[in-house]
Amino acid sequence: ERLEQLRDILGLKQEDIDYEITSEGMPLFRATASDAMKDAVEKKISAEQAWEIMEKRRSELLIPGSKSDELVSSVVFNSLGAPMDELQKYAEVNNEGAVYSSMLDVLEAKKAVVELLDRTGYKNDFYDDFCNPMRQDSIIKHMNSMDRMGIYDMFVKRSIKNSEDGKLSDEQDKIIQEVKGILAIDDYQAETQATKAFGPKLNEVMERAKD
């Protein structure tokens, strides 16, 4: 109420007031939201509980509800950064098994993040907003194309090894498509990798058939 009185006295527009409040409150909101997001990713609390914590803090700071998606998006990078760093660490030493496990952790983190974003009314393309290598604030900005392709290659190979008779199930294929999105692998790159992964097996079968 006092802020509204001050706004009227100074002749300020509401959007100007909202901007100033959001700018001042953002660091305080981010601190609370980052902790809540981290707990949700680590499954210490549910996505719904994390959202309630964030909404309570937003309300305390008088930040408009229309800013919720912007506020939550601002902490997504921190939440996915840690599992992505762990993933890259194993990729650098070509630890295929650890890369596979770490990528599954990244997918779990992404699941929690997406649940939270959905609660804000977020409607954008997750991969374009957070996994676009051309963006300055992308979660894969520290990886070049070869790094990303190497991780994708290791993940697909391990998926084949874990599959029954070397045949990927629909669920495994769905997971690979998620990995493809996170690593910003385009269709041509994916097809090239598939040829490398399955080509030798196909050739082996054809040789046996010929003999």
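Check the entry above for the structure.
The structure reproduced in this document is the subject of the present report. Predicted model only: the values in this text are computed from it and were never measured.

### Thoughts on the layout of surface pockets
Picture a little ball the size of a water molecule; that probe, rolled over the atoms, points out where space is still empty. Size it by volume and the largest pocket reaches roughly 250 Å³. As for the largest pocket, its lining consists of 14 residues, and the residues nearest its centre are Lys-38, Val-41, Glu-42, Ser-79 and Pro-83. Listing elements by their share of the lining of the largest pocket, those giving two or more residues are α2 (14–41), α4 (68–92) and α5 (96–119). Of the residues that constitute the lining of the largest pocket, the class distribution is 6 nonpolar, 3 polar and 5 charged.

### Let's talk about the pattern of salt bridges
Summed over the entire model, instances satisfying the criterion amount to 14 salt bridges. A salt bridge links Arg-158 to Glu-96, with the shortest nitrogen-to-oxygen separation between them at 3.3 Å. Here Arg-158 is found in helix α7 (residues 145–162), whereas its partner Glu-96 is found in helix α5, with 62 residues between them in sequence. Exposure remark for Arg-158: the relative accessible area of 24% places this residue in the partly exposed category. Of the residues examined, Glu-96 reaches a relative accessible area of 14% and is grouped as buried. Arg-135 is paired through a salt bridge with Asp-128; the nearest N and O atoms lie 3.1 Å apart. Since its relative accessible area comes to 33%, Arg-135 is described here as partly exposed. When salt bridges with common partners are traced through the structure, they connect Lys-38, Glu-42 and Lys-44 into a single cluster.

### Quick word on the side chain of Ser-102
Within the element layout of this structure, Ser-102 appears in helix α5. Overall, Ser-102 belongs to the buried group, its relative accessible area being 6%. Not counting residues within four places of it along the chain, the set of residues in contact with Ser-102 comprises Glu-86, Leu-87 and Tyr-90.

### Some thoughts on the packing of helix α3 (residues 47–60) against α5
Interhelical geometry of α3 versus α5 gives an angle of 50 degrees and a closest axis separation of 9 Å. Considering the angle they form, α3 stands oblique to α5. Between α3 and α5 lies a crossing of right-handed hand. Here Ala-47, Glu-48, Ala-50, Trp-51 and Met-54 of α3 come into contact with α5, specifically with Ala-112, Glu-115, Leu-116 and Arg-119. Here the contact of α3 with α5 is composed, by residue class, of 6 nonpolar, no polar and 3 charged.

Reading the values: the criteria
- Residue indices follow the written sequence of each chain, beginning from 1 at its first position.
- Only residues with pLDDT of at least 70 get local features here, since the model is predicted, and only at 80 or more are side-chain atom pairs given and counted; chain-wide, interface and lining totals rely on the full set of residues.
- The side-chain numbers reported here are obtained from all heavy atoms of the structure, hydrogens and water having been left aside.
- The way it works is a 1 Å grid over only the protein atoms, where trapped points that fit a 1.4 Å probe form a cavity and open points with protein on both sides within 12 Å along at least five of seven lines form a pocket, and then any residue with an atom within 4 Å of a point lines it.
- Grid points are joined across faces, edges and corners, and a volume is the space filled by probe spheres set on the points.
- Strands here are runs of E lasting at least two residues and helices are runs of H or I lasting at least four, both read from the DSSP assignment and numbered beginning at the N terminus.
- Gly is put with the polar residues, along with every residue not named as nonpolar or charged; the nonpolar set is Ala, Val, Leu, Ile, Met, Phe, Trp, Tyr, Cys and Pro, and the charged set is Asp, Glu, Lys and Arg.
- Here, a salt bridge means any Lys or Arg side-chain nitrogen found within 4 Å of an Asp or Glu carboxyl oxygen.
- Exposure is judged per residue with a 1.4 Å probe applied to protein chains only, and the accessible area is read against the type maximum: over 50% gives exposed, under 20% gives buried, and values in between give partly exposed.
- Contacts are assigned to residue pairs that have any heavy atoms within 4.5 Å of one another.
- A fitted line through C-alpha atoms represents every axis, and for helices the fit uses only the stretch in contact; the resulting angles, taken between N-to-C directions, go from 0 to 180 degrees.
- In these notes the angle categories are as follows: under 35 degrees is roughly parallel, over 145 is roughly antiparallel, 65 to 115 is roughly perpendicular, and the rest is oblique.
- In this scheme the handedness of a crossing depends on how the near helix is turned from the far one: anticlockwise by less than a right angle means left-handed, clockwise means right-handed.

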